[in-house]
Amino acid sequence: MPDPIITLGGLTFSGVDPITGARWIVPKNGLDGWWDSPAPVLSMAQRVRGHGAWVGDSFLTPRTVTISGVVEADTRAAVVASLSRLHVACSLAPTTLSVDDSGDTLTARVRRSDDVMVTWINDATARWSAQVLAADPRRMGAAITASTALPSATGGLRI
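The text that follows walks through the structure, step by step, so that each part is easy to find. Since the model is a prediction, treat every value here as computed from it, not as a measurement.

Right, let's talk about the packing of aromatic side chains for a bit. Per the counting criterion, the structure on display carries three aromatic pairs. Through a chain of ring-to-ring contacts, three or more aromatic side chains come together here, namely Phe-13, Trp-24 and Trp-128.

In structure tokens form, the structure reads like this:
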């Protein structure tokens, strides 16, 4: 089974980066929070003179996703250039995170919510981690489009 293809802000963490020549590797456990469901927020009030509670509407909290992996290249300069691309992709403004798993692509609008952490393993390899937040916790699929006919009327009284 192939690994999911993860794209953040136009940067794909799968295979060789066409701009820097570095190789992005995200292990199977390198996408934390994407497959989980965020916790709900539920408001309750004790029933007066009765057992139980009155329950209001329930809503999901924001989705926090942590992406982590390794970037490696033939030279330190290529790894540095790739890490610069990572910092740009982890934008403070809303950007798109998409995960293509087995041909099913889901997306979310995210923004960086914590440090982008980098640990050098050697001169040509670095381990990295980035945390993003989706204020809307839903993961969206492909848009569904359809067309309808113009309204028409038939029958009736003619004068």
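Back to the text.
So, on to the nonpolar core. Formed by 30 residues in total, the largest nonpolar core has its most connected members in Leu-8, Phe-13, Ile-67, Leu-86 and Leu-97. Going through the elements one at a time, strand 1 (5-8), strand 8 (63-72), helix 1 (76-89), strand 9 (95-101), strand 10 (104-122) and strand 11 (125-134) are the ones with two or more residues in this core. In this structure, Ile-67 is in contact with Ile-6, Leu-8, Phe-13, Gly-30, Leu-31, Leu-97, Trp-128, Ser-129 and Ala-130, ignoring residues within four places of it in sequence.

In this section: unusual backbone geometry. A positive phi angle, close to 50°, is found at Arg-49, a residue other than glycine. Tracing the backbone shows Arg-49 in the loop between strand 6 (40-46) and strand 7 (53-60).

Following the sequence through the fold, Val-71 ends up in strand 8. Here Val-71 falls in the buried class, since its relative accessible area comes to 0%. Separated by 52 residues in the primary sequence, Val-71 and Ile-19 have C-alpha atoms spaced 13 Å apart. Beyond its immediate sequence surroundings of up to four residues, Val-71 is in contact with Ala-22, Arg-23, Trp-24, Val-79, Ser-82, Leu-83, Ala-124, Thr-125, Ala-126 and Trp-128.

Its place among the elements puts Thr-20 in the loop between strand 3 (15-16) and strand 4 (23-25). When its relative accessible area of 18% is taken as the criterion, Thr-20 is described as buried. A polar side-chain atom of Thr-20 sits 3.4 Å from a polar atom in the side chain of Asp-17. Among the polar contacts listed, one links the side chain of Thr-20 to the side chain of Ser-82, at a separation of 2.7 Å.

This paragraph deals with the environment of Ala-108. With respect to the element layout, Ala-108 can be found in strand 10. In contact with Ala-108, other than residues within four places in its own chain, are Trp-34, Thr-95, Thr-96, Leu-97, Ala-134 and Arg-138.

With that out of the way, let us pick up the pattern of salt bridges. If you walk through the whole model with that rule in mind, you get four salt bridges. One salt bridge connects Asp-17 with Arg-85, and the closest N-O pair in it is separated by 2.5 Å. Of this pair, Asp-17 sits in the loop between strand 3 and strand 4 while Arg-85 sits in helix 1; the two residues are 68 residues apart in sequence, bridging distant segments of the chain. Classification of Asp-17 by relative accessible area gives buried; the value is 2%. Classification of Arg-85 as partly exposed rests on a relative accessible area of 24%. A salt bridge links Arg-138 to Asp-136, with the nearest nitrogen and oxygen atoms 2.7 Å apart. Among the residues examined, Arg-138 registers a relative accessible area of 51% and is labelled exposed.

Cut-off values and rules
Residues numbered from 1 in each chain as written. Predicted model: local features only at pLDDT ≥ 70, side-chain atom pairs only at ≥ 80, totals over all residues. Heavy atoms only, no water. Phe/Tyr/Trp six-rings, centres within 6.5 Å; stacked < 30°, edge-to-face > 60°. Core = buried A, V, L, I, M, F, W, Y, C linked by side-chain atoms within 4.5 Å. Buried < 20%, exposed > 50% of the residue type's maximum accessible area, 1.4 Å probe, protein only. Helix = DSSP H or I, 4+ residues; strand = E, 2+ residues; numbered from the N terminus. Contact = heavy atoms within 4.5 Å. Polar contact = N/O pair within 3.5 Å; in protein donor to acceptor, adjacent residues only side chain to side chain. Salt bridge = Lys/Arg side-chain N within 4 Å of Asp/Glu carboxyl O.

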